[in-house]
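Read off the chains here:
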Amino acid sequence: MGSPPRSSPRLSWRRVLCVLFLPFVSSGFAPPAKYRNNFIFERRKLPPNPRRFDWSHLTPRELKNRSQGIQTEERAGRNPSFTLEGHEFLILGGSVHYLRVPRASWRDRLLKLRACGFNTVTTYVPWNLHEPERGTFDFSGNLDLEAFILLAEEVGLWVILRPGPYICSEMDLGGLPSWLLQDPTSQLRTTNRSFVNAVNKYFDHLIPRVALLQALQQRGIGGLLLTADNTEEVMRGHIKGVLASINMKGFKVDSFKHLYKLQRHKPILIMEFWVGWFDTWGIDHRVMGVNEVEKSVSEFIRYGISFNVYMFHGGTNFGFMNGATSFEKHRGVTTSYDYDAVLTEAGDYTAKHFMLQSLFESILVRPLPPVPSPTPKAVYPSLKLSHYLPLWEALPYLQRPVTSNVPINMENLPINNGNGQSFGFVLYEMTICSGGRLHANAQDEAQVFLNETSLGILTDVYRDIDIPPITQECQLLRILVENQGRVNFSWKIQNQRKGLIGPVTLDKIPLNWFTIYSLELKTQFFKKLRSARWRPLGGPSSSPAFHLGTLMAGSSPQDTFLQLLVSECPSTHACPRGVWKGGPRVLSLPHFNQGFQQVSVFLTFHCLRNNTSEHSGKVQTIIIRRQQRCGFSPRPPAPLHFPECGAANGFTCGFMSNCLTHTCHLFTLMGCSIKCILQLPSFPRILFFTRYILYL
């Protein structure tokens, strides 16, 4: 959500900066609003009968043979407006990112968007997911952009497409592929030749896919291009000849003054009206009140302002796709992208949904479509983890390690056809024959082992650790580094290389001859682990290990919520594909297959070591239960109590502040780290949601 960079004379670079607006935008009507000095609005009361908008004839299918695309128009005595086939209309948009929603749930989320009263869906396009390696493109499965757009048309929604290349969106590196960091001379989000060339090659593949979905292209009519900036930065971020839109938290008259100076003869579009906010690890869940949202939306409608709700449905940061912030310290964005949105992370209705539905119903001539039923959910028996596999015994199932005289950062590892490693962990091994003071720049966090004995933690702040004296033969020093998410905005994106950065020294003497294992934790790796010799689980493992359990889903599986009763660890971050990290959490696991599902949990050692509780490091049980809902009463009910959460086990129970999900949590924040990998073999790409608790 940062400001785009400045433009370049090249047409292809203009594509880089603009948000592409497909001619998929529906209509409505709004009362005219007068403006005078610096866009100070004159308030007008709504007419006695507010049922005045009718865009039933302006749906994508009704206008397949239209002769004009979306236009902007200024008429005498009226505010500038958008028009479609000559009709004035408002864009009532809601953001749903296809990449953050299981494909099997796309239709449900879009139907709920339409039934709420919206006419447009807005989505980002993540470059890093679509081009994971140079010249290798993935638009399949959950990344099938064309299928998502066509489904939106089928449901009756227009589409605003935001193709980037930079999208922010709290994604790793703002949606830019990490292989761009291999070139030390490249400057991301600038007119640097290396960056622009990479963007052009990506757009040369992406844009033809999108153009084929624009029926108007056959008639020589394209979509409307626009930029999106925060209210105070629009003067710097706009491009001549391109519509400027703005982002805001709530309606304030003076928020439009810079936009008015820039384009007083164009309609207003709020590209991102934030109805919540994203969360980072270690910070309380952020919310926005229903009344605040209602007040702003009412003002938008009163003054004929088009807007897009960010987010209508946030979804989940599957895999390692989360970004990070870096203010006072590096904080990864949570796996959950709930965003306190109109729908919960699991796709359930909220008070904001019913408020907006009621508001839109009051201004429409025709009734809204029926509201889809809530997704059914099931309660399954608690799951016991039965086997484990130490990380050291899993190394042979990884790809061949890299050997190097010096440490190599993640992005520059000679793997994945020369594209390096984007996400996950990196294990560095080297032989040492004496103790001393170890110094290393580990991004973002590392665990240090002497053979299999944990010695401590390295972070981007604490870079030193003592190695005990070695009196006999030389020992194996191991440094396991975790990438907790790259910063997704600001100039700091230029320096987001992960792993060990620079030399590793022991008493200021550089170490050499490293064996480097890439732990990307992809589906293929877990398939290989099926043939490993798993050990029966008798208690906590003394080293990083994979843990295995089996969930019996039965013959008619349904969505469910999964909770790991383990210690809360604020330093963990987003999950690899098939991975959930942190705990305890409530997870929504959608679309089980029949029979059983294997669940693999990866626990790193230092959380087990540092937690001083009697139950530290033990995964007591995995509770499969139904999500508890408390409705939308102004006073939430008393906290729930579960038999699994007795005080004797050190658990306390509480409810989410948005009164949607009840859960139990364990102990207190201990400053340790747990990584839990939940791998569902039947779903290598479509995984699950997390519901997190950060208010212990």
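So, here is what we can say about the structure in this document. Position labels on residues start from 1 in each chain and follow its written sequence. pLDDT decides what is reported in this predicted model: residues at 70 or higher carry local features, side-chain atom pairs at 80 or more are listed and counted, and totals for whole chains, interfaces and linings draw on all residues regardless. With hydrogens and water stripped out, all remaining heavy atoms of the structure feed into the side-chain values.

1. Considerations on the overall build of the protein chain
1) Next: Secondary structure elements are defined from DSSP: runs of H or I of at least 4 residues count as helices, runs of E of at least 2 residues count as strands, and each element is numbered from the N terminus. Regarding its fold elements, the protein chain presents 12 helices and 39 strands.
2) Next: Buried residues in the protein chain amount to 62% of all 696 residues.
3) Next: Here, residues are in contact when the closest pair of their heavy atoms is within 4.5 Å. Nonlocal contacts in the protein chain, meaning residues at least 24 apart in sequence, comprise 79% of its contacts between residues at least 6 apart.
4) Next: For the protein chain, the exposed surface amounts to about 26,600 Å²; the carbon and sulfur share of it is 52%. Note on classification: 1.4 Å probe, protein chains only; a residue is buried when its accessible area is under 20% of the maximum for its type, exposed when over 50%, partly exposed between these limits. Accessible surface is estimated by sampling points in the Shrake-Rupley manner with a 1.4 Å probe; for residues, cover comes only from the protein chains shown.

2. Regarding the environment of lysine 249
1) Next: Here lysine 249 is to be found in the loop between strand 11 (243–248) and helix 7 (257–262).
2) Next: The class for lysine 249 is exposed, based on a relative accessible area of 56%.
3) Next: Through-space distance from the C-alpha of lysine 249 to that of phenylalanine 273 is 5.8 Å; in sequence the pair is 24 residues apart.

3. Notes on the packing of helix 8 (residues 290–302) against helix 9 (residues 351–361)
1) Next: Every angle, taken between N-to-C directions, lies between 0 and 180 degrees, and every axis is a line fitted to C-alpha atoms, over only the stretch in contact when it is a helix. Running from N to C, helix 8 and helix 9 cross one another at 25°; their axes reach a closest spacing of 10 Å. The angle between helix 8 and helix 9 falls in the class roughly parallel. In terms of crossing hand, the pair formed by helix 8 and helix 9 is right-handed. Residues Val290, Val293, Glu294, Val297, Ser298 and Ile301 of helix 8 form the contact with helix 9, whose own contacting residues are Ala351, Lys352, Met355, Leu356, Leu359 and Phe360.
2) Next: A per-class count over the contact of helix 8 with helix 9 returns nine nonpolar, one polar and two charged. Roughly parallel means an angle under 35 degrees; roughly antiparallel, over 145; roughly perpendicular, 65 to 115; everything else is oblique. Crossing handedness is defined as follows: a turn of the near helix away from the far one that is anticlockwise and smaller than a right angle gives a left-handed crossing, while the clockwise case is right-handed. Think of it as three bins: nonpolar holds Ala, Val, Leu, Ile, Met, Phe, Trp, Tyr, Cys and Pro, charged holds Asp, Glu, Lys and Arg, and polar takes everything else, Gly as well.

4. Section: the state of the cysteines
Joining two cysteines, a disulfide is a covalent bond between their sulfur atoms.
1) Next: Throughout, a disulfide means two cysteine sulfur atoms within 2.5 Å of one another. Overall, the coordinates contain one disulfide when judged by the stated rule.
2) Next: There is a disulfide in this structure between cysteine 433 and cysteine 474, and the S-S distance comes to 1.7 Å. Note on the cysteine 433 and cysteine 474 pair: the S-S dihedral is about 100°, so by sign convention the disulfide is right-handed. Remark: cysteine 474 occurs in the loop between strand 23 (464–467) and strand 24 (475–482) and cysteine 433 occurs in the loop between strand 18 (425–432) and strand 19 (436–439); sequence separation between them is 41 residues.
3) Next: Of the residues examined, cysteine 433 reaches a relative accessible area of 46% and is grouped as partly exposed.
4) Next: With relative accessibility at 36%, the residue cysteine 474 sits in the partly exposed group.

5. Quick look at the pattern of salt bridges
1) Next: The rule for a salt bridge is simple: a side-chain nitrogen of Lys or Arg has to be within 4 Å of a carboxyl oxygen of Asp or Glu. Under the defined criterion, the tally for this structure stands at 18 salt bridges.
2) Next: Residue arginine 302 is joined to glutamate 299 by a salt bridge in which the shortest nitrogen-to-oxygen separation is 3.2 Å. Within this pair, arginine 302 and its partner glutamate 299 are both found in helix 8, separated by three residues, close to a single helical turn. For the pair arginine 302 and glutamate 299, a shared accessibility class is recorded, and that class is buried.
3) Next: The shortest N-O distance in the salt bridge between arginine 437 and aspartate 466 comes to 2.9 Å. A residue pair is termed long-range when its members are at least 10 positions apart, and arginine 437 in strand 19 and aspartate 466 in strand 23 qualify at 29 residues.
4) Next: A cluster of three or more residues bridged by salt bridges with shared partners is formed by Asp108, Arg109 and Lys112.

6. Digging into the sheet that holds strand 26 (residues 505–506)
Consider a sheet: its strands pair through backbone hydrogen bonds, and that pairing is either parallel or antiparallel.
1) Next: Pairing is antiparallel in the open sheet, where four strands are placed in the order 23-19-26-27. Bordering the open sheet on either side are strand 23 and strand 27 (509–510), each of which pairs with just one other strand.
2) Next: Only strands that DSSP links by at least two bridges are regarded as paired with each other. Where strand 26 and strand 27 come together, two bridges link them in antiparallel fashion. Opposite leucine 506, over in strand 27, you have isoleucine 509 as the bridge partner.

7. Thoughts on the environment of arginine 486
1) Next: By secondary structure assignment, the location of arginine 486 is in the loop between strand 24 and strand 25 (499–500).
2) Next: Given a relative accessible area of 0%, arginine 486 falls into the buried group.
3) Next: Side-chain polar atoms of arginine 486 contact the backbone oxygen of glutamine 496, separated by 3.2 Å. Contacts described as polar in this section are N or O atom pairs within 3.5 Å, which, within protein, must combine one atom able to donate a hydrogen with one able to accept it, while residues neighboring in sequence count only if both atoms come from side chains.

8. Points about helix 8
1) Next: To estimate how far a helix should extend, the number of its residues minus one is multiplied by 1.5 Å. In this model, helix 8 (13 residues) spans 18 Å end to end at C-alpha, consistent with the 18 Å of a helix rising 1.5 Å per residue.
2) Next: Those residues of helix 8 lying buried are Val293, Ser296, Val297, Glu299, Phe300, Ile301 and Arg302.
3) Next: The secondary structure elements touched by the buried residues of helix 8 are strand 11, strand 12 (269–274), strand 13 (306–313) and helix 9.

9. A look at the pairing of strand 19
1) Next: Looking at chain direction, strand 19 and strand 23 are connected through four bridges and run antiparallel. When the bridges of strand 23 are listed, histidine 439 appears paired with aspartate 464.
2) Next: With two bridges connecting them, strand 19 and strand 26 associate as antiparallel partners. In the strand pairing of strand 26, leucine 438 is matched with leucine 506.

Note that every value here comes from positions in space, so none of it alone points to a role or purpose.
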